[in-house]
Amino acid sequence: MPDHDTYQRLITLLDTTRTPYRLIDHEPDGTTDSVSTLRGHPASQAAKCIILRVKTDKKTTRHVLAVVPGDRRVDLDAVRTLFNARYVGFSDAATAERLAHAVPGTVLPFAFDPDLELVADPAVIARPQLYFNAARLDQSAAISGADYARLAQPRIEPIAAPEPGEAREATPS
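Numbers given to residues run from 1 along each chain, matching the order in which its sequence is written. Per-residue local features of the predicted model are confined to residues with pLDDT of at least 70, and side-chain atom pairs are confined, for both listing and counting, to 80 or more; whole-chain, interface and lining totals are unaffected and use all residues. Hydrogen atoms and water are omitted, and side-chain values are computed over all heavy atoms in the structure.

Asks: In this structure, what is going on with helix α2 (residues 32-39)? I would like to understand it.
Replies: One turn of the α-helix equals 3.6 residues, which is why residues spaced by three or four share an orientation. Those residues of α2 not exposed but buried are T32, V35, S36 and R39. Buried positions in α2, seen along its axis, are confined to an arc of 105° and lie on one side of it. Tucked inside the fold, the buried residues of α2 contact β1 (22-25), β2 (47-55), β6 (130-133) and β7 (139-143). The first or second residue beyond α2 is G40, which carries a positive phi of 85°. Whether a residue is buried, partly exposed or exposed follows from its accessible area with a 1.4 Å probe, protein chains only, as a fraction of its type maximum: under 20%, in between, or over 50%, in that order. Helix and strand assignments come from DSSP, with helices taken as H or I runs of at least 4 residues and strands as E runs of at least 2, each series counted from the N terminus. Picture the helix axis, draw a direction to every C-beta atom, and the arc is the one those directions span. Residues are treated as being in contact if the distance between any of their heavy atoms lies within 4.5 Å.

Take a look at the structure:
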């Protein structure tokens, strides 16, 4: 089962690097808001992991794992600008599952596939505790945002849509 291999890879990474972590058993759920409730924390402390298809030109497609706080959305325009892309959209389920080595709802905030580029919003790294499904619908992991950044080594860029009421900085024209 692919998610079992990915789960074991996560646990091995955490154990071999002696990273402090906590596993949380819960009812099977892959939706950020409801699983955050099951785990007992605000959705803002969760890592929402979305696999995107980024077309930089007619012949070039890249795949990006975008990680944002659980109470935010991925800002597709920010990702488009970041990669100087013509198009950015959500990857189809089969491609996402193949690249993440996990079923939807269990995607880790780690890119274990060389064809998957990892970009995390700075707010994810800033979390004292970061929660995510551990490549399983019935178990999650919690680690610090700093440990996540050290282990995953994501490209850190502002890719989360603004929170309601939050204004983006204006860019000079």
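Asks: Would you take a moment to explain the sheet that holds β2 for this structure?
Replies: Paired through backbone hydrogen bonds, the strands of a sheet run either parallel or antiparallel to each other. Note: two strands are recorded as paired if DSSP finds a minimum of 2 bridges between them. The strand order across the open sheet built from five strands is β4-β2-β3-β5-β8, with neighbouring strands paired in mixed fashion. Each having just a single partner strand, β4 (87-90) and β8 (155-156) make up the two edges of the open sheet. For β2 and β4, the ladder comprises four bridges, and the chain directions are antiparallel. Pairing of V54 across the sheet is with V88, part of β4.

Asks: What should I look at first to understand the sheet that holds β1 in this one?
Replies: Spatially, β1-β7-β6 is the arrangement adopted by the three strands of the open sheet, whose pairing is antiparallel. If you trace the sheet from one side to the other, it starts and ends with β1 and β6, each paired once. The mean inter-strand angle of the sheet, taken between neighbouring strand axes irrespective of direction, is 25°. Across four bridges, β6 lies against β7 in antiparallel orientation. When the sheet's bridge partners are listed, F132 is paired in β7 with A141. Lines fitted to C-alpha atoms define the axes here, with helix axes fitted over just the stretch in contact, and angles between the N-to-C directions of these axes take values from 0 to 180 degrees. Seen against the sheet, α2 touches β1, β6 and β7 and runs at an angle of roughly 115° to β6.

Asks: Could you clarify how one ought to interpret the pairing of β6 in this entry?
Replies: A two-sided burial pattern is seen for β6, the buried positions comprising L130 and F132 on one face and Y131 and N133 on the other. Here β6 hands over to β7 after five residues, with A135 in that stretch at a positive phi of 65°.

Asks: What's the story with the confidence of the model for the protein chain in this structure? I'm lost.
Replies: Low pLDDT marks stretches whose predicted atomic positions should not be read closely. Residue-level confidence of the predictor, termed pLDDT, takes values from 0 up to 100. Mean pLDDT over the protein chain stands at 92; residues scoring 70 or higher make up 91%. Confidence over residues 167-173 falls short of pLDDT 50; this stretch has five contacts with residues more than four positions distant or in other chains.

Asks: Honestly, the side chain of H41 in this entry has me stumped. Any pointers?
Replies: As for its placement among the helices and strands, H41 is situated in the loop between α2 and β2. Its relative accessible area of 8% is what places H41 among the buried residues.

Asks: Sorry, what's going on with the packing of aromatic side chains here?
Replies: Ring pairs (aromatic) are described by centroid distance and by the angle formed between their planes. Here a pair means two rings of Phe, Tyr or Trp (six-membered ring of Trp) with centres within 6.5 Å. Their orientation is stacked below 30 degrees between planes, edge-to-face above 60, and tilted elsewhere. Scanning all chains against the criterion turns up three aromatic pairs. Between F110 and F132 the ring centres are 6.1 Å apart and the planes differ by 65°, which places this aromatic pair in the edge-to-face class. Highlighted residues: F110 in the loop between α4 (93-100) and β5 (116-120) and F132 in strand β6, separated in sequence by 22 residues. Classification of F110 by relative accessible area gives buried; the value is 5%. When the ring centre of Y7 is taken as reference, the NZ or CZ atom of R136 above it lies at 4.8 Å. Note on criteria: charge over ring means Lys NZ or Arg CZ within 6 Å of the ring centre, with the direction from the centre no more than 35 degrees off the ring normal.

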